[in-house]
Structures are given as C-alpha cells and as structure tokens.
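Commentary on secondary and tertiary structure
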Amino acid sequence: MYGYNYGGLYQAPPFVNNDPNASMEYWSRSLLQRLTALIDFDGLPEGADGQYAWDKDALKYALYMRGFVAVFNSKTYGVVPQPATLTGYGLQYQPSGVMVATPYFQFERPLKLGIEAELIKLTPDYTGIFDIVTKYAMELKEIDTSIKSAARNSRLGYALVAGSDKAARTMKTIREKIINGDDVIIDEKLLGDKMAPGTPPWFQFDRDLKSSYLLGDLLDARRSTLVDFYREIGVRMLDDKKERMLTAEVDAGNAETFIRSEVWIETLKDSCEKVNAMFGTDITPIINRPDIPNESEADENVY
C-alpha cells in the first residue's frame, strides 16, 4: 500500500486506516517521507567480521510505524535490531521483556530487558507516530477531492433538464466534453417536441460563477494543512495568517512546534544510551531542523 514494507513485520497497528484511494496513498507516502527526514542516526554498527551492518532506513521505518525495536547480541549477526513484542511487567509496570519471533530468530522465551536486550524507542508509550501521517493524509485527501470537484464545477454552473433517457445520455456526454476542456458543444438532439418554443433546456444555479469559485480557498486550505503537519512534527513554519506578530507570539508558536519532537529526541537519546552501555555501541540520534535565523533577523515585521 505504501511502498516496500519490510516483509510486513513493522506494520502499523490495526487502527490505522489504510484507505485504498489513490490520493490517500499519495499523501501517506509523501508525508512519511517528509517525516523520515526529521530524525537521523549517527554511529550505527557497520558491517564487519561477525557484525551485520544496520540498515538506517529499516530502523527509521520500524520506529515510525511501531515505535520501538529490540536490540540484542546474536552469535551469527552480532548486535542487531529486530521487531519484537513487549512482555511482562516491571515494578512500575513497564515492559520487562521482549519476545522475538522473526524469520531469523525464534526464541523460546522472552529476552529480559536490561540484561539480555534493550530497546530503541521513539515515544514513551512504545507506539509509532504513523497516526500523524494518517490523520493529515486523510485531511489532504478530502481537500484534494474538493479541489477536483471545484475545478470541474467552475466550468459549468447549470442544472440540465432532459426529456428522455436518450437526451440525458447526450447531455452527460456534453458534460464530460466540457470537463475535458471543450469550450463550445452544439447538439440538436437535445431539442425535444415537448419543449415550448424558445425555452432553453437548462436552468442556471448562479449567474456569477466567480462568487462560487472555491478553488483558491481550497488550495489555501491544503497549504494550511501542510503547515499544521510540519508544525506537529517539529518543523517551524512562518505564520501566514498575520501580517505582523509580536515576539511573544512567535516564541509561543515555536514552543508549540517543538514540544512533540523534543519528546521524540529525548526518548531516543535515553534509549540509545542504554543500548550503547550494554553493547558498547556509539549510536546517536539526531534531529534535523531547517537552519532558520532568529525572527528579528529573518523578518522585520516581527517586533
């Protein structure tokens, strides 16, 4: 549905809405790729004798979709990340173990966290963030549908009346021609005997088509939805709703933008430190943000 899925082992939980609509699929892939650029890793294990090279794309995909991977030392592949199921309860009811069952590993019992394995996790609740992608992809899909409808309706603002099935089919054909770009269509078959002389076979909804032209507003709505998505994942965006903003307003907007991404990076740092301490690795998570100067330097309208 959304490109290569690594054997289905990192699939999102069942509550994710996998809409088959082409627009939904497009926006899901587009937003996931934009999200993938947000977080990076340095110091992932490289290929060597007795050590399997970690695939950065697979690791990031697992974290975004499932929220965590189990890391343990294997005889054949060295230190490896694998999809796993959380098991057990600790003193604070946190998971105490992981059950690993993949084509490469089938353990008869759970691995004990902190002793035999550790987790690299993205969120404190051991859940991925693909729900963000799904939410905004669904909204953008609906806006796309409205944009297409508005573009079509802007070409013809009339309700057509047909006196027979044959006339209706003819008028549908004309409608399709107009949608496809034909500007003038003439068809004498639409004139029936039951119509009074001089009566046009149409009724007009609105003579001022410009007043019902919503395409510009819908394009703005799509842009606004993308801005909201970027802000939710921690990318600062300029507010285009105000001509001038106070510094306090800008600071408040920045705080709102960075809250969720700060949770993710802090959770990654904490879990990677545990993995490094147990296995002697040097994995460092990195969050990528555009290099934007201070507001006072970037925009003189901010004061």
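Residues numbered from 1 in each chain as written. Predicted model: local features only at pLDDT ≥ 70, side-chain atom pairs only at ≥ 80, totals over all residues. Heavy atoms only, no water.

1. Some points on the pattern of salt bridges
The final tally for this structure, using the stated rule, is seven salt bridges. E232 is paired through a salt bridge with R260; the nearest N and O atoms lie 2.6 Å apart. A residue pair is termed long-range when its members are at least 10 positions apart, and E232 in helix α5 (residues 215–232) and R260 in helix α6 (residues 247–279) qualify at 28 residues. (Salt bridge = Lys/Arg side-chain N within 4 Å of Asp/Glu carboxyl O. Helix = DSSP H or I, 4+ residues; strand = E, 2+ residues; numbered from the N terminus.)

2. Re the sheet that holds strand β7 (residues 117–121)
Neighbouring strands of a sheet are bound in pairs by backbone hydrogen bonds; such pairs are parallel or else antiparallel. The three strands lie next to each other as β3-β2-β7, forming an open sheet whose pairing is antiparallel. The sheet terminates laterally at β3 (78–82) and β7, the two strands that pair on one side only. Put simply, the sheet's adjacent strands are angled 30° from each other on average, direction ignored. Strands in contact with helix α2 (residues 56–66) are β2 (68–74) and β7; relative to β2, the strand with the most contacts, it is inclined by about 135°. (Pairing = 2+ DSSP bridges. Axes fitted to C-alpha atoms, helices over the stretch in contact; angles between N-to-C directions. Contact = heavy atoms within 4.5 Å.)

3. Brief notes about the environment of Y26
On the secondary structure map, Y26 appears in helix α1 (residues 22–36). Separated by 111 residues in sequence, Y26 and A137 place their C-alpha atoms 8.3 Å apart.

4. Notes on the side chain of Q82
Examined against the element boundaries, Q82 turns out to sit in strand β3. Side chain to side chain, Q82 and T102 meet in a polar contact 3.0 Å long. (Polar contact = N/O pair within 3.5 Å; in protein donor to acceptor, adjacent residues only side chain to side chain.)

5. A look at the pairing of strand β1 (residues 39–42)
The side-chain alternation of β1 yields one buried face, formed by I39 and F41, and one unburied face, formed by D40 and D42. As paired strands, β1 and strand β10 (residues 284–287) are joined by four bridges and run antiparallel to one another. Bridge pairing links D40 to I286 in β10. (Buried < 20%, exposed > 50% of the residue type's maximum accessible area, 1.4 Å probe, protein only.)

6. So, the packing of α1 against α2
To describe two helices that pack against each other, one gives the angle between their axes and the distance between the axes. Between α1 and α2, whose axes approach to 11 Å, the crossing angle comes to 115°. By the angle between their axes, α1 is roughly perpendicular relative to α2. Crossing of α1 over α2 shows right-handed handedness. Judged by residue contacts, L32, L35 and T36 of α1 engage K60, Y61 and Y64 from α2. Classifying every residue of the contact of α1 with α2 gives four nonpolar, one polar and one charged. (Parallel < 35°, antiparallel > 145°, perpendicular 65-115°, else oblique. Left-handed = near helix turned anticlockwise from the far one by under 90°. Nonpolar A, V, L, I, M, F, W, Y, C, P; charged D, E, K, R; others polar.)

7. A few points about the packing of aromatic side chains
Describing an aromatic ring pair means giving the distance of the ring centres and the angle of the ring planes. Evaluation of the coordinates by the stated rule reveals eleven aromatic pairs. Their ring planes at 90° and their centres at 6.3 Å tell us that Y52 and Y77 sit as a pair that is edge-to-face. Of this pair, Y52 sits in the loop between β1 and α2 while Y77 sits in the loop between β2 and β3, and the two are 25 residues apart along the sequence. Joined through ring pairs, the aromatic side chains of Y52, F72, Y77, Y104, F105 and F107 make up one cluster. The lysine or arginine in question, K135, covers the ring of Y136, its NZ or CZ lying 4.1 Å from the ring centre. (Phe/Tyr/Trp six-rings, centres within 6.5 Å; stacked < 30°, edge-to-face > 60°. Lys NZ or Arg CZ within 6 Å of the ring centre and 35° of its normal.)

8. Regarding α5
Since there are 3.6 residues in each turn of an α-helix, residues three or four apart along the chain are aligned in direction. The terminal C-alpha atoms of α5, which comprises 18 residues, lie 26 Å apart, in line with the 26 Å expected from a rise of 1.5 Å per residue. Note on α5: the residue one or two positions beyond its end, G234, has a positive phi of about 100°. (Expected span 1.5 Å × (residues − 1).)

9. Section: unusual backbone geometry
Within the chain, Y93 stands out as a residue other than glycine whose phi angle is a positive 65°. We classify Y93 as exposed; its relative accessible area is 66%. You will see that Y126, though not glycine, has its phi angle at about 55°, which is positive. Among the structural elements, Y126 can be located in the loop between β7 and α3 (130–153).

10. Points about the nonpolar core
Counting residues in hydrophobic clusters, the biggest one holds 43 residues, and the most contacted among them are L31, L35, F41, I120, I233 and W264. Put simply, the parts of the chain that give this core at least two residues each are α1, β1, α2, β2, α3, α5 and α6. Once residues lying within four places of it in the same chain are set aside, the contact partners of F41 are K56, L59, K60, L63, L268, C272, I283, T284 and P285. (Core = buried A, V, L, I, M, F, W, Y, C linked by side-chain atoms within 4.5 Å.)

11. Focus: the sheet that holds strand β4 (residues 85–87)
Read from one edge to the other, the open sheet built from three strands follows the order β4-β5-β6, with strand pairing classed as antiparallel. Each edge of the sheet is formed by a strand with only one pairing partner; in this case those strands are β4 and β6 (111–112). Two elements, β4 and strand β5 (residues 97–99), share three bridges in a ladder whose sense is antiparallel. Bridging across to β5, T85 finds its partner in M99.

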